[in-house]
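Structural characterization, general
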Amino acid sequence: LRARQTADVIAEELPAVPREADDALLAEGWPVLPMPQGVAFLRDGKVLPATLIEEGPRIEAAFRKYFHRDVDHKRLALSGAKDKIELS
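Residues numbered from 1 in each chain as written. Predicted model: local features only at pLDDT ≥ 70, side-chain atom pairs only at ≥ 80, totals over all residues. Heavy atoms only, no water.

Let us now look at the overall build of the protein. Along the protein, the regular secondary structure elements total four helices and zero strands. The globule rule puts the C-alpha radius of gyration for 88 residues at 12 Å, and the 19 Å found for the protein is more than 25% above it. Overall, the C-alpha framework of the protein stretches about 50 × 45 × 20 Å when taken along its three principal axes. Going through the 88 residues of the protein one by one, you find that 10% of them count as buried. Of the contacts formed within the protein by residues at least 6 apart in sequence, a portion of 48% connects residues at least 24 apart. As displayed, the protein has an accessible area near 8000 Å², and 60% of this comes from carbon and sulfur atoms. (Helix = DSSP H or I, 4+ residues; strand = E, 2+ residues; numbered from the N terminus. Rg over C-alpha atoms; globule rule 2.2 N^0.38 Å. Buried < 20%, exposed > 50% of the residue type's maximum accessible area, 1.4 Å probe, protein only. Contact = heavy atoms within 4.5 Å. Areas by Shrake-Rupley, 256 points an atom, 1.4 Å probe, with all protein chains shown as cover.)

A word on unusual backbone geometry. Cis rather than trans, the peptide bond between Met35 and Pro36 has omega equal to 10°. In this fold, Pro36 is placed in the loop between α1 (2-13) and α2 (38-44).

See below:
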């Protein structure tokens, strides 16, 4: 809700910028349990294990859709190559 309200305010100030449709991947959720209170959240029923199992992959998919790294560190580590950063 807050993100949609913020988008509405920005859209009013920037009417020439086209607004994208809402993306369900970006819905709020629980990617992991917060620490240190995570165990209490499970015990008190504030979050269910199934929620984490469902929402974690959705949130990861949203991240991969909207953020792109110059270097894929996971693939780089698997290949055994050294990470090199070139400064220009």
